[in-house]
Amino acid sequence: MTTPKTTTSASAPKKALLVFAHPEQRSLNGALRDVAVRELEAQGYTVKVSDLYAMGWKATVDQADFPQQHTEDRLIPVLASKTGYETGTLTDDVKAEIEKLLWADMVILQFPLWWFGMPAILKGWVDRVFAYGFAYGVGEHSDKRWGDRYGEGMMAGKRAMLIVTAGGWEDHYSARGINGPIDDLLFPITHGTLYYPGFQVLPSFVAYRVDGLDAAGFEALAEKLRMRLRSLDTTAPIPYRQQNAGDYLIPNMKLKPGLGAHGANGFALHLTSADDRLDIGSPDTSKADRLVTVE
Ligand code: FAD
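The structure displayed is predicted, hence computed values, not measured ones.

## Here we look at the nonpolar core
Core analysis: the biggest nonpolar cluster contains 61 residues, and Val19, Ile108 and Leu122 have the highest contact counts within it. With sequence-adjacent residues up to four places away left out, valine 19 is seen in contact with Ser50, Leu52, Leu109, Gln110, Leu122 and Trp125.

## Structural notes on helix α6 (residues 182-195)
Side chains that are three or four residues apart share a direction in an α-helix, a result of its 3.6 residues per turn. Over its 14 residues, α6 extends only 17 Å from the first C-alpha to the last, a length that falls short of the 20 Å expected when each residue adds 1.5 Å. Buried residues of α6: Ile182, Leu185, Leu186, Ile189, Thr190, Thr193, Leu194 and Tyr195, and no others. As for α6, its buried residues are in contact with α5 (120-129), β4 (159-165), β5 (200-201) and β6 (205-207).

## Some points on the domain arrangement of the protein
According to the domain assignment, the protein contains domain 1 (14-239) and domain 2 (254-295). Averaged C-alpha coordinates put domain 1 and domain 2 at centres separated by 29 Å. Contact residues are listed per partner, giving five residues for domain 1 and six residues for domain 2. Split into classes, the residues belonging to the side of domain 1 that touches domain 2 amount to three nonpolar, one polar and one charged.

## Focus on the site of the ligand
Of all residues adjacent to the ligand, which total 20 residues, the nearest are Ser27, Pro112, Gly167, Gly168 and Phe218. For the shell around the ligand, the secondary structure elements donating two or more residues are α1 (28-42) and α7 (215-230). For the shell around the ligand, the element with the highest residue contribution is α1, accounting for three residues. Looking at the shell around the ligand residue by residue, the class counts come to 12 nonpolar, seven polar and one charged.

## So, unusual backbone geometry
Residue isoleucine 250 is joined to proline 251 through a cis peptide bond whose omega torsion reads 15°. Here proline 251 lies in the segment after α7. The backbone of tryptophan 115 shows a phi angle near 50°, a positive value even though the residue is not glycine. Residue placement: tryptophan 115 occurs in the loop between β3 (106-112) and α5. By C-beta crowding, tryptophan 115 is classed as exposed, having 7 other C-beta atoms within 10 Å. Of note in this structure, phenylalanine 116 is not a glycine but carries a positive phi near 60°. As for its position among the elements, phenylalanine 116 is in the loop between β3 and α5. In this structure phenylalanine 116 comes out as partly exposed when scored by C-beta crowding, with 15 C-beta atoms within 10 Å.

## Here we look at the pairing of β4
Within β4, seven of the seven residues are buried, which leaves it mostly tucked inside the rest of the structure. Residue alternation in β4 divides its side chains into two sets, Arg159, Met161, Ile163 and Thr165 and Ala160, Leu162 and Val164, and both sets are buried. Of the crossover connections in this fold, the one passing from β3 over α5 to the parallel β4 is right-handed. Of the strand pairs in this sheet, β4 and β5 are connected by two bridges, and their pairing is parallel. Within β5, the position partnered with arginine 159 by the bridge is glutamine 200. Summarising the sheet, β4 and β6 pair through three bridges and their orientation is parallel.

## Some thoughts on the environment of arginine 159
Note that arginine 159 resides in strand β4. A tally of 21 C-beta atoms within 10 Å means that arginine 159 is categorised as buried. Sequence separation of arginine 159 and leucine 232 is 73 residues, and the distance between their C-alpha atoms is 9.3 Å. Residues in contact with arginine 159, not counting those within four places in the same chain, are Asp105, Met106, Phe199, Gln200, Leu202 and Pro237.

## Here's the deal with the pairing of strand β1 (residues 14-20)
Of all seven residues that make up β1, five are buried, and the element is covered over most of its length. Remark: the β1/α1/strand β2 (residues 45-51) crossover connection has right-handed handedness. Pairing analysis gives five bridges linking β1 to β3, with the strands arranged parallel. Paired with leucine 18 across the bridge in β3 is isoleucine 108.

Conventions we followed
- Every chain begins its residue count from 1, and numbering advances along the sequence as written.
- Local features in a predicted model are, by the rule used here, given only for residues with pLDDT of at least 70; side-chain atom pairs are given and counted only at 80 or more, and totals for whole chains, interfaces and linings are based on all residues.
- In this usage, the nonpolar core is the set of buried Ala, Val, Leu, Ile, Met, Phe, Trp, Tyr and Cys residues whose C-beta atoms join them within 7 Å.
- Each residue is classed by its C-beta neighbour count within 10 Å, where at least 20 other C-beta atoms makes it buried, 12 or fewer makes it exposed, and intermediate counts make it partly exposed; the C-beta atoms are placed from backbone geometry.
- In this description, a residue-residue contact is defined by the distance between C-beta atoms placed from the backbone, which must lie within 7 Å.
- Under the scheme used here, helices are H or I runs from DSSP no shorter than 4 residues and strands are E runs no shorter than 2 residues, and both carry numbers assigned from the N terminus.
- Helix span is expected to be 1.5 Å times the residue number reduced by one.
- Annotation comment: domain bounds sourced from an automatic or database domain assignment.
- Residue polarity follows a fixed list, in which Ala, Val, Leu, Ile, Met, Phe, Trp, Tyr, Cys and Pro are nonpolar, Asp, Glu, Lys and Arg are charged, and the others, Gly among them, are polar.
- To decide nearness, the C-beta atom of each residue is placed from the backbone, and the residue is near a molecule or strand if that atom lies within 6 Å of it.
- Orient the strands so they point away from the viewer, and a crossover whose first-strand-to-second-strand path over the helix runs clockwise is right-handed.
- A pair of strands is treated as paired once DSSP finds two or more bridges between them.

Written out as structure tokens, the structure reads:
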């Protein structure tokens, strides 16, 4: 089993892993990936790219992922993942990706938005690489702590972000847009997949209405991406609430009464808010175990 690495200091070499999910090298995504890699290198990052289609990445979890498991035994993916990670018997492709994640201090997932989510090959990368004991099932699980997750975990101290292209218009993904707000659509990835194992997640870079983009549009988009990548070190992460910082009740893991932006519900509740206050009268709320950062 591999142990997590700590954050690098400002002077240490910077290491970025870009996980790329598009089947065509000559695509817009392929061109933006090249822009991103060049820009990161210009900033002193050493960059590794996991080009999932080019690697022939296996997207599905099945028996073949757990060579230690007898094929006649019933496959229980969670347990097989746990044993595989603990005993170092996960497949070599998965182990190589885990090593890259441990190596990197910045992880970028880049993909076209397909059916409001990531392409299956990238979901399959997460399913297979984010193993039990590595990305979940980490830390003390008791009546005091609900494991090391949501801001803590093996990826703590590392940053991550998404680079996403979408055919739809920006307005369609706005707060009242018909597709739903983009931050909500991406929440299962930014919060559920990246923040969960401990990454600090930077705001997503989303390019809208890209189908039919011309050369001038591409250059403007490429420059916007370069600008975003130039400010990686100074961009504040999305202010998700840490699970174990006192904002949630145990064991139901509900946000404590009195916390949350005025009128907020759903995903927005899990962002720290200037409106946060304590309902002193509530039996569920304790000032002593509450520690909130207000951005
Ligand atoms: P490409 O098709 O490769 O290129 C897009 C345009 O950029 C082309 O016109 C191309 O000529 C141009 N271009 C300009 N400069 C360059 C350059 N230097 N290199 C390459 N191309 C350039 N969209 C949504 O909004 N929501 C969805 O839920 C959604 N679901 C989808 C599901 C599927 C299965 C598919 C296939 C598409 C879906 N889309 C959706 C649209 C999708 O998000 C876009 O088609 C995608 O983001 C475009 O990225 P691309 O890299 O494939 O672009």
